[in-house]
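In case you want the letters, here they are:
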Amino acid sequence: MKGDKKVDLQALKDIANKLRIDSIVATNASKSGHPTSCASMAEIMSVLFFHTMKYKISAPRDPSADRFILSKGHAAPILYAAWAEAGLFPVEDLKNLRKLDSDLEGHPTPRLNFVDVGTGSLGQGLAVAAGMAYVGKYFDQAPYRVFCLVGDGEAAEGSVWEALHFAGHYKLDNLVVIFDVNRLGQSEPTSLQHQMDVYDARPLCLENPPLSLPRLTRAGDSPTLRIKRTGMERLWGGDGEKIIKHLQSLIKNQNITLKASPPVSAAPQVHIADVTLSSPPAYKKGELVATRLAYGTGLKKIADTNLRVIALDGDTKNSTFSDKLRAAYPERYIECFIAEQTLVGVATGAACRDRAVVFASTFAAFFTRTFDQIRMGAISQSNINLVGSHCGVSIGEDGPSQMGLEDIALFRAVPTATVFYPSDAVSTERSVELAANTRGICYIRTSRPNTAIIYDNDTVFKVGEAKIVRESAKDSILLIGSGVTLHEALAAADQLQQQGISARVLDPFTVKPLDEAAVRAHAHAVGGRVLVVEDHYQAGGLGEAVLSALALERSVVVQHLYVKEVPRSGPPQALLDKYGISSKNIVVAAGKLLAV
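Residues numbered from 1 in each chain as written. Predicted model: local features only at pLDDT ≥ 70, side-chain atom pairs only at ≥ 80, totals over all residues. Heavy atoms only, no water.

Colleague: Pulling in residues and values, what's your account of the side chain of Ser447?
Modeller: One can find Ser447 in the loop between β11 (441-445) and β12 (450-452). When sequence neighbours within four positions are dropped, the list of residues in contact with Ser447 reads Ala290, Thr291, Arg292, Cys391, Tyr421, Gly483 and Val484. (Helix = DSSP H or I, 4+ residues; strand = E, 2+ residues; numbered from the N terminus. Contact = heavy atoms within 4.5 Å.)

The structure is reproduced here in structure tokens:
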């Protein structure tokens, strides 16, 4: 038996050097890449892919299989090499690295059937891995493990330590985190280089068990953390052929093959399609209800009908009203505390492999600090639902730091995003239902103030379909608003009617995709005068979406009301007045537009 172990160890060493050679060949073929970063982790990859991890070559993303997240995504060539050496595709294909017609891109993306999430924007992989591990331990209750390899350069990112804290807090003993401490940064050595005592002292919430090369052991009920000093930089600086020959000389058996072990047991089958509210909205016309409250109601209702609906929040659950799900189904609620980057990263991981319908909420303003996680979610083909409350100056006295005034622009810029902006409780509940069934990233913008119910409870809503909430044959101007500004537009329409002016009012419902056909049709129907009002800055918001839709319409003129400066604290209505987006401002602007 002792002799067999020695043979296995040598086989793993041989495969590690084959992976190094594969990485050099691939990066030489593409004339770009990061072979040194690949070389430092070769033994780690050999142990994981050819000894420790349990997976199927026939189904790399099988729900029952172990997961691997390469957080240091610039080392993609060795990830590709590991799967090629395992038999998923020919090793020769590695020479297509970074070619335009190849899915072996410079950093991993889910265009490849063995990649769960896109990585490469450093510091994000561990939060995603923690989300996957949370689902595995608490929802799937399956024995698969999640392995995450973190680079020492990205360890300068605070998000890494936020994610480690999350993993330790929730005792994710199915998560294995490996730090590859090769001391190499992008432009110079990392700040800590090989100060292993500093690395060892940092993750105080975790166990750090010793590691024999072929085995990674669990550490009680905590995540397993392995901080490994590596370094192959001494090999670099010469020509590639010489390095390859040296590595080949280290391989004892050129024909060695090791097979992966299959998953231990099957993960449960889940169904996350056709999610519905457990009961339709039940409100009275004119009743005052905040859309953020209706979000919580809708979230709880879809959780009633599907056991895989889960909610995450960043310690704002009593303000976003995600606590309605927590009160009903506490086991399906994940508190991420005040760490919004981890919130979005964990949400992305939880949604991987279609294991859950994920809703993550916080104040709209705080999603701006997670923009990198959101854009990587789009690259990752993620299906997460993000809900931002307390948008705009209408939140009132809390002041500008809490006012989401850039969030629509943020999400409109994300190519896979759908942006819902419901204006009453009925449309909010339906937004939740629709988002649960819409692929890609969905964003629901909710407001703090109570607003009147304007829709019948049985109104049907669709993504990309606007609603006309007021019209007549005599309309001479089109008012467009969302959320609180739709109600200001309706109030303005009443005031204009007293002046003998009929105004049509349009609720876009989704800002992206905008119902451009409806906007154009109704703009022409009123004679080409359009006024858009929004509780948002000018750039990237509803107004610019409408302007884009009408850009080629020669007979249409558009007036845009928006928040023009950094606002200040004050009562909500006073702020709407001060910053030019209240009903009285709309009336004045409409009069000027009609005079054109």
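Colleague: Give a detailed account of the sheet that holds strand β6 (residues 309-313), specifying residues and quantitative values.
Modeller: Strand order across the open sheet formed by seven strands is β7-β6-β8-β9-β11-β10-β16, with mixed pairing between neighbours. Since the sheet does not close on itself, it has two edges, and those belong to β7 (333-335) and β16 (510-512), each with one partner. Strand after strand, the sheet turns through a mean of 20° between neighbouring axes, direction not considered. Pairing of strand β9 (residues 384-389) with β11 involves four bridges; the strand directions are parallel. From the neighbouring strand, Val387 faces β11, where its bridge partner is Ile444. (Pairing = 2+ DSSP bridges. Axes fitted to C-alpha atoms, helices over the stretch in contact; angles between N-to-C directions.)

Colleague: An account of helix α18 (residues 542-549) is requested, with residue identities and associated values reported.
Modeller: Taken as a whole, α18 has its buried residues at Leu542, Gly543, Ala545, Val546 and Ala549. Considered in projection along α18, the buried side chains sweep an arc of 160° and stay on one side of the axis. As for α18, its buried residues are in contact with α14 (407-412), β14 (477-481), β16, α17 (516-525), β17 (529-537) and β18 (557-563). (Buried < 20%, exposed > 50% of the residue type's maximum accessible area, 1.4 Å probe, protein only. Arc of directions from axis to C-beta.)

Colleague: Could you give an account of the environment of Thr316, with specific residues and numbers?
Modeller: With respect to the secondary-structure elements, Thr316 resides in the loop between β6 and α10 (317-320). Given the relative accessible area of 9%, Thr316 is considered buried. Linking Thr316 and Thr362, residues 46 residues apart in sequence, is a C-alpha distance of 5.8 Å. Ignoring any residue separated from it by four or fewer positions in sequence, one finds Thr316 in contact with Ser361, Thr362 and Phe363.

Colleague: Give me the lowdown on the nonpolar core, citing residues and values where you can.
Modeller: Within the largest apolar cluster, 78 residues are counted, with the highest numbers of intra-cluster contacts made by Leu175 and Leu312. Among the elements that make up this core, the one with the highest residue count is helix α5 (residues 125-140) (10 residues). Residues Ala11, Ile44, Phe68 and Ala76 belong to the second largest nonpolar core, which totals 42 residues. (Core = buried A, V, L, I, M, F, W, Y, C linked by side-chain atoms within 4.5 Å.)

Colleague: Hey, could you go over the pattern of salt bridges for me, with residue numbers and the actual values?
Modeller: As enumerated under the stated definition, the model contains 25 salt bridges in all. A salt bridge links Arg353 to Asp116, with the nearest nitrogen and oxygen atoms 2.8 Å apart. Here the residue Arg353 occupies a position in the loop between α12 (340-351) and β8 (357-363), and Asp116 occupies one in the loop between α4 (76-86) and α5, the gap between them amounting to 237 residues. Judged by relative accessible area, which is 15%, Arg353 ranks as buried. Given a relative accessible area of 7%, Asp116 falls into the buried group. The closest approach of N and O atoms between Asp475 and Arg504, which form a salt bridge, is 2.8 Å. Residue Asp475 is located in the loop between β13 (467-470) and β14, and its partner Arg504 is located in strand β15 (residues 503-507); the two are separated by 29 residues in the primary sequence. Just as Asp475 is buried, Arg504 falls in that class too. Several salt bridges converge on common partners, so that one network encompasses Asp140, Arg308 and Arg355. (Salt bridge = Lys/Arg side-chain N within 4 Å of Asp/Glu carboxyl O.)

Colleague: Any details on the sheet that holds β13? Residues and values, ideally.
Modeller: As summarised here, the arrangement of the five strands in space is β13-β15-β14-β17-β18, forming an open sheet in which the pairing is mixed. Taken across any chain shown, the strands that pair with only one partner, and hence form the sheet edges, are β13 and β18. Pairwise comparison of adjacent strand axes, ignoring direction, gives a mean angle of 25° for this sheet. Taken together, the four bridges between β14 and β17 define a ladder with parallel strand orientation. By the bridge assignment, Leu479 is partnered in β17 with Leu531. The strands that α18 touches are β14, β17 and β18; relative to β17, the one it contacts most, it runs at about 145°.

Colleague: So, the packing of helix α9 (residues 291-305) against helix α15 (residues 425-436): which residues are in play, and what are the values?
Modeller: Running from N to C, α9 and α15 cross one another at 45°; their axes reach a closest spacing of 8 Å. Considering their axes alone, α9 and α15 lie oblique with respect to each other. Along this stretch, α9 crosses α15, giving a crossing that reads as right-handed. The segment α9 lies against α15, with Thr291, Ala294, Tyr295, Thr297, Gly298, Leu299, Lys301 and Ile302 engaging Ala425, Thr428, Glu429, Val432, Glu433 and Ala436. Its residues placed into classes, the contact of α9 with α15 shows seven nonpolar, four polar and three charged. (Parallel < 35°, antiparallel > 145°, perpendicular 65-115°, else oblique. Left-handed = near helix turned anticlockwise from the far one by under 90°. Nonpolar A, V, L, I, M, F, W, Y, C, P; charged D, E, K, R; others polar.)

Colleague: I'd like to hear about the packing of helix α3 (residues 42-52) against α4, residue by residue, with values.
Modeller: At their nearest, the axes of α3 and α4 sit 11 Å apart, and the two run at 40° to each other. Handedness of the crossing formed by α3 with α4: right-handed. From α3, Ala42, Met45, Phe49 and Phe50 reach across to α4, where they touch Ile78, Leu79, Ala82, Trp83, Glu85 and Ala86. Looking at side-chain class alone, the contact of α3 with α4 contains nine nonpolar, no polar and one charged residues.

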